[in-house]
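# Observations on the three-dimensional arrangement
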Amino acid sequence: MKRGETSLLPLEDAREAALFFVVGALCFLAALAALTAKSTYGAARAWTAEVEGEYTVSLSDAAPQDAQAATLLVQSIEGVSGARLLSEAEISALLEPTFGSRGLPADLPVPRLIAVTAAPEAGDIGRALTAALETAGYTAAVDSHSAWAGDVRRMLGTARMVAFAIVALLASTAIAVIAFATHAALLARRDIVDVLHIAGARDRFIARLFERRFWLLGLRAGTVGALVALASVALLIAIARSSGNRSGLLPELTLDFPDLAILVITPILAGLASRIAAGVTVMRALKSVM
């Protein structure tokens with residue numbers, strides 16, 4: 001800040017402490033929302049990529065020998081790159097989240113399950129699997145995992161739109177707060193602005209003083225908000241790794257280059273938004289009031 005500007009905009013203004021806190025908090029929330037949206041989007045894409053081309057064949061009332069024969073039949077179908085008969089232990093592990101560690105009663109029949117993987121260029125082989133098994137005399141149901149992937153894509157689109165809306169709302173709130181604070185600062189120094197006008201200062205010169213001041217405020221507040229968001233994410237990563245518990249849908253949390261890019265961009269955007277909001281507010285106020 002130049003010496004000639006300090007009489008109009010002092011280096012320290014206690015009234016801006018609350019504004020600094022508000023802008024920093026909004027930047028923290030915006031960065032956290034952006035990181036969450038990016039992480040969720042990447043995790044869902046990774047999960048859908050894994051389940052695309054996966055099928056589960058359920059055989060009702062099939063003896064172990066028949067299940068093995070059905071597995072060999074499925075392996076011979078065109079477009080199938082792999083098929084594996086799940087063991088009873090694997091089926092019990094799949095049922096455990098719903099029925100507990102004891103599983104189903106021993107006298108309750110459980111269908112045999114075959115995990116099928118289609119070749120990347122095969123497309124949808126669900127009908128071919130069903131037709132081949134029915135022709136061979138098996139009572140089978142074929143479940144395509146791509147249907148679940150479609151549900152995840154729709155949920156992903158909704159979550160992404162909600163995240164964008166949250167970021168836009170937080171940015172709009174920050175701009176509105178800065179505009180209000182700028183207008184209040186201008187009115188508080190109206191007598192000085194009048195003197196500058198009498199001395200020949202143009203509106204653009206006065207606006208630049210506020211632009212520079214709020215650019216620095218937004219840059220500092222955005223930096224603090226981004227650093228707090230970085231610390232929060234790092235803490236969540238440490239907790240997740242120490243607990244050892246991971247979701248079957250979400251991969252292990254990481255801070256990769258796109259995440260760091262979001263944190264670096266946050267204070268820059270905060271500073272630019274503050275500068276633009278301050279400049280527009282001052283120019284409009286000077287033209288309509290001063």
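If you're wondering where the values come from, they're calculated on a predicted model, not measured in any experiment.

Across its full length, the protein holds eight helices and four strands. Each helix and strand of the protein, placed in order from N terminus to C terminus, yields the pattern α-β-α-β-α-β-α-β-α-α-α-α. The buried share among the 290 residues of the protein stands at 32%. Of the roughly 17,200 Å² of accessible surface on the protein, 64% is carried by carbon and sulfur atoms.

Under the present numbering, the feature "transmembrane region" (unreviewed entry) in UniProt falls on residues 17–37, 162–186, 214–239 and 260–286. Along residues 17–37 one finds 100% helix and 0% strand; the C-alpha atoms at either end are 30 Å apart. Split by type, residues 162–186 is 100% helix and 0% strand. Its first and last C-alpha atoms lie 36 Å apart.

Moving on, we come to the sheet that holds strand E1 (residues 54–59). As summarised here, the arrangement of the four strands in space is E2-E3-E1-E4, forming an open sheet in which the pairing is antiparallel. Each edge of the open sheet carries a strand with a single partner, namely strand E2 (80–85) and strand E4 (140–144). Across this sheet, the average inter-strand angle for adjacent strands is 20°, counted without regard to direction. Summarising the sheet, E1 and E4 pair through five bridges and their orientation is antiparallel. Bridged to Val57 within E4 is Val142. In the packing of helix H2 (residues 64–76) onto the sheet, contacts are made with E1, E2 and strand E3 (112–118), and the angle to E2 comes to roughly 170°.

Moving on, we get to the packing of H2 against helix H4 (residues 126–135). Axis separation between H2 and H4 bottoms out at 10 Å; the angle between their running directions is 135°. Taken together, the axes of H2 and H4 lie oblique to each other. Here H2 and H4 pass one another in a crossing that is right-handed. Residue-level inspection shows Ala70, Leu73 and Val74 of H2 in contact with H4, the latter providing Leu129, Ala132 and Leu133.

What follows covers H2. Along its 13 residues, H2 runs 19 Å from first to last C-alpha, staying within 8% of the 18 Å computed at 1.5 Å per residue. All of the buried residues in H2 are Ala67, Ala70, Thr71 and Val74. Burial along H2 is one-sided: seen end-on, the buried residues are contained in an arc of 105°. Opposite its buried face, H2 presents the exposed residues Gln65, Leu72 and Ser76, each directed more than 90 degrees away.

What counts, and where the lines are drawn
Residue numbering note: each chain is counted from 1, following its sequence as written. For a predicted model such as this one, the threshold for reporting local features is a pLDDT of at least 70, and the threshold for listing and counting side-chain atom pairs is 80 or more; totals across whole chains, interfaces and linings nevertheless cover every residue. By convention in this description, side-chain values take in all heavy atoms of the structure and omit both hydrogens and water. Secondary structure counts use DSSP, requiring at least four H or I residues in a row for a helix and at least two E residues in a row for a strand, with both numbered from the N terminus. Type-normalised accessible area, obtained with a 1.4 Å probe on protein chains alone, sets the label of each residue: buried when under 20%, exposed when over 50%, and partly exposed for intermediate values. Accessible surface area values rest on a Shrake-Rupley calculation with a 1.4 Å probe, where residue burial reflects the displayed protein chains alone. UniProt positions are given in the numbering used here, feature names are shortened, and annotations may be inferred rather than shown by experiment. Strand pairing is defined by DSSP finding a minimum of two bridges between the two strands. The angle between two axes is taken between their N-to-C directions and runs from 0 to 180 degrees, where each axis is a line fitted to C-alpha atoms and a helix contributes only its stretch in contact. Working rule for contacts: check all heavy atoms of both residues, and any pair within 4.5 Å makes them a contact. By definition in this entry, angles of less than 35 degrees are roughly parallel, angles greater than 145 are roughly antiparallel, angles of 65 to 115 are roughly perpendicular, and the rest are oblique. Should the near helix be turned anticlockwise from the far one by less than a right angle, the crossing is termed left-handed; should it be turned clockwise, right-handed. Each residue after the first adds 1.5 Å to the expected span of a helix. It is the directions from the helix axis to the C-beta atoms whose arc is reported.

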